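Here are the chains, one letter per residue:
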Amino acid sequence: MAAIGSSNYWEDMRKQARQLENELDLKLVSFSKLCTSYSSCRDGGPRDTSDTTPLLNNSTQDRMFDTMSVEIEHLLAKLTGVNDKMAEYTNAPGTASLNAALMHTLQRHRDILQDYTHEFHKTKGNFLAIREREDLLGSVRKDIESYKSGSGVNNRRTELFLKEHEHLRSSDRLMDDTISIAMATKENMTSQRGMLKSIQSRVNTLANRFPTINNLIQRINLRKRRDSLILGSVIGICTILLLLYALH
């Protein structure tokens, strides 16, 4: 009787597992279709025909996604619990003779659970990635539309601001160029002044070293001044004589 009861318990666990697996299979198919319809709705495909127009808007699909996610997670948790009970049964005393067959069946149910869990998380991740991407694109579209719908006055004002900014930048560049030219001129004049001082100091040095040359230069200067005075006197006398002649 104990063996019969244990066998019935195992069969009940298997029935529960198969039932949960069937429910999960149906839920995952519907869940995948929901995610696919959400993606095609936002991919920018044809929307004018009755065959391609989605029956549900995005907010409704988001609510259905959240509801189905909770339901699938609940079913996965229940199936995990059933598998755990089946594992406990295989380790119970009195099942050693059937342990190989039971372990094989349990492993198959565990593989199914793993596949369903992986499929669920993959579909859910794809859906969340699509929704995040489309929310970002929607925000960008809104910004572009708001910019395009701006009044012409604002656009004109923006253009004027840009032109004024460009003029200010041009003025800054001209001022920088002028300052650079002035600094270069100052440096050149300073350099020339230094060169002239150097030449003057060299001439003075030569004059101090050679007094004869200095005296000769002074005599030449005195002779030039005397010749200039004589020439000026002659020109003055001639001019006076010409005026006297002209007056008489």
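Residues numbered from 1 in each chain as written. Predicted model: local features only at pLDDT ≥ 70, side-chain atom pairs only at ≥ 80, totals over all residues. Heavy atoms only, no water.

### As for the overall build of the chain
In terms of helices and strands, the chain carries five helices and zero strands. Listed by position from the N terminus, the elements making up the chain come as α-α-α-α-α. Classification of the 248 residues of the chain by burial places 18% in the buried group. A sequence separation of at least 24 residues applies to 79% of the contacts in the chain between residues at least 6 apart. Carbon and sulfur atoms provide 60% of the accessible area of the chain, an area that totals close to 19300 Å². (Helix = DSSP H or I, 4+ residues; strand = E, 2+ residues; numbered from the N terminus. Buried < 20%, exposed > 50% of the residue type's maximum accessible area, 1.4 Å probe, protein only. Contact = heavy atoms within 4.5 Å. Areas by Shrake-Rupley, 256 points an atom, 1.4 Å probe, with all protein chains shown as cover.)

### Overview of the UniProt feature "transmembrane region" (unreviewed entry) in the chain
The UniProt entry lists residues 229–247 under the feature "transmembrane region" (unreviewed entry), expressed in the numbering used here. Between the end C-alpha atoms of residues 229–247 the distance is 27 Å, and the span holds 100% helix and 0% strand. (UniProt positions renumbered as here; feature names shortened; annotations may be inferred.)

### Section: the nonpolar core
Membership of the largest hydrophobic core comes to 25 residues, with the highest contact counts inside it found for Leu24, Phe31, Ile72, Leu76 and Met86. Those elements that provide at least two residues to this core are helix 1 (2–42), helix 2 (58–90) and helix 3 (99–148). It is helix 2 that provides the largest number of residues to this core, a total of 10 residues. Those residues in contact with Phe31 that sit more than four places away from it in its chain are Phe65, Met68, Ser69, Ile72, Phe120, Thr123 and Lys124. (Core = buried A, V, L, I, M, F, W, Y, C linked by side-chain atoms within 4.5 Å.)

### Observations regarding the packing of aromatic side chains
Enumeration over the complete set of coordinates arrives at five aromatic pairs. Considering the side-chain rings of Phe31 and Phe65, the 5.3 Å spacing of their centres and the 20° angle between planes classify their relative orientation as stacked. Taken together, the residues Phe31 in helix 1 and Phe65 in helix 2 connect sequence positions 34 residues apart. Just as Phe31 is buried, Phe65 falls in that class too. Aromatic side chains Phe65 and Phe127 sit 3.8 Å apart centroid to centroid with 15° between the ring planes, which places their arrangement in the stacked category. Of the two residues, Phe65 is situated in helix 2 and Phe127 in helix 3; the sequence distance between them amounts to 62 residues. Assigned by exposure class, Phe65 and Phe127 land together as buried. Put simply, the rings of Phe31, Phe65, Phe120 and Phe127 pair up and form one aromatic cluster. (Phe/Tyr/Trp six-rings, centres within 6.5 Å; stacked < 30°, edge-to-face > 60°.)

### Focus: the confidence of the model for the chain
Here the chain averages 78 in pLDDT, and 76% of its residues register 70 or above. Segment residues 43–56: pLDDT under 50, and 12 contacts once partners within four positions in sequence are set aside and those in other chains are kept. (pLDDT = per-residue confidence, 0-100.)

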